[in-house]
Amino acid sequence: MVVGEITHSRLLNQLDLNGKNVTEAIIAFNYKFKGKVYKSETPVLRGYDLFPSLEYESYLTKKYRPGDVVEVRVNPKINEFAYLEVAPFSRLSTILVPLMPILGIALIVLLKSSYLAELYEYLLLQYDLAMYKAQNT
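This structure is a prediction, so every number in the text was calculated from the model and none was measured.

Bringing helix H1 (residues 54–63) into the picture now. Residues spaced three or four apart along an α-helix face the same direction, because each turn holds 3.6 residues. Among the residues of H1, Tyr56, Glu57, Ser58, Leu60 and Thr61 are the ones counted as buried. Next to the buried residues of H1 lie strand E1 (2–15), strand E2 (21–33), strand E4 (44–45) and strand E7 (85–86).

Here Thr61 is to be found in helix H1. Among the residues examined, Thr61 registers a relative accessible area of 7% and is labelled buried. For Thr61, the contacting residues outside a window of four places in its chain are Ser9, Arg10, Leu11, Ala25 and Ile27.

A word on the sheet that holds E1. Taken in spatial order, the 5 strands of this open sheet run E3-E2-E1-E5-E6, and their pairing is antiparallel. Two strands close off the open sheet at either side, each with one partner strand: strand E3 (36–40) and strand E6 (82–83).

So, on to a nonpolar patch on the surface. Taken together, Leu107, Leu110, Leu111, Tyr115, Leu116, Leu119, Tyr122 and Leu123 make up a surface patch of nonpolar side chains, about 740 Å² in accessible area. Those elements that provide at least two residues to the nonpolar patch are helix H2 (91–112) and helix H3 (115–135). Since its relative accessible area comes to 34%, Leu119 is described here as partly exposed.

With that out of the way, let us pick up the environment of Pro43. Locating Pro43 in the fold gives a position in the loop between E3 and E4. Assessed through its relative accessible area of 6%, Pro43 is described here as buried. Separated by 88 residues in sequence, Pro43 and Met131 place their C-alpha atoms 60 Å apart. Excluding its chain neighbours within four sequence positions, the residues that come into contact with Pro43 are Ala25, Ile27, Phe29, Tyr83, Leu84 and Glu85.

Along any regular strand the residues' side chains alternate between the sheet's two faces. One ladder, built from 4 bridges, connects E1 with strand E5 (residues 69–74); its direction is antiparallel. The residue of E5 that forms the bridge with Val2 is Val72. Bridge count between E1 and E2: 11 bridges; the pairing is antiparallel. The partner of Leu15 across the bridge, within E2, is Asn21.

What counts as what
- Residues numbered from 1 in each chain as written.
- Predicted model: local features only at pLDDT ≥ 70, side-chain atom pairs only at ≥ 80, totals over all residues.
- Heavy atoms only, no water.
- Buried < 20%, exposed > 50% of the residue type's maximum accessible area, 1.4 Å probe, protein only.
- Helix = DSSP H or I, 4+ residues; strand = E, 2+ residues; numbered from the N terminus.
- Contact = heavy atoms within 4.5 Å.
- Pairing = 2+ DSSP bridges.
- Patch = residues over 30% accessible without salt bridge, like charges linked within 9 Å, V, L, I, M, F, W, Y side chains within 5 Å.
- Areas by Shrake-Rupley, 256 points an atom, 1.4 Å probe, with all protein chains shown as cover.
- Salt bridge = Lys/Arg side-chain N within 4 Å of Asp/Glu carboxyl O.

Interpretation in functional terms is not warranted from these geometric data alone.
Written out as structure tokens, the structure is:
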């Protein structure tokens with residue numbers, strides 16, 4: 001770890017062109033490593049998170065203010081890559097991310113066994129039967 005200084009901090013909270021809400025802490029900082037000055041705009045090391053938290057992003061912009069002196073974690077093999085902390089996973093993402101491959105495999109098995117097609121045909125038959133009974137009463 002080395003010492004760095006926050007140069008920019010703001011909260012981005014807006015809709016993108018597709019109407020999806022984008023929430024992200026935009027934080028830049030400078031640090032000196034092995035006698036050379038670097039700049040990074042990677043405040044946190046993130047995993048894949050299905051449900052980003054506005055609360056966490058807001059917390060980051062309050063925690064890291066311009067002029068603050070901070071501890072910076074630098075990758076010793078790639079000196080240009082540095083971050084301030086590791087972002088936590090949301091609880092829901094922690095549950096859903098490992099389940100996604102299992103659900104995908106289950107869907108493939110159901111499709112291969114034609115169970116879904118049979119279920120669809122059964123539901124259509126039940127609907128037709130209900131409509132026939134309604135017309136004849």
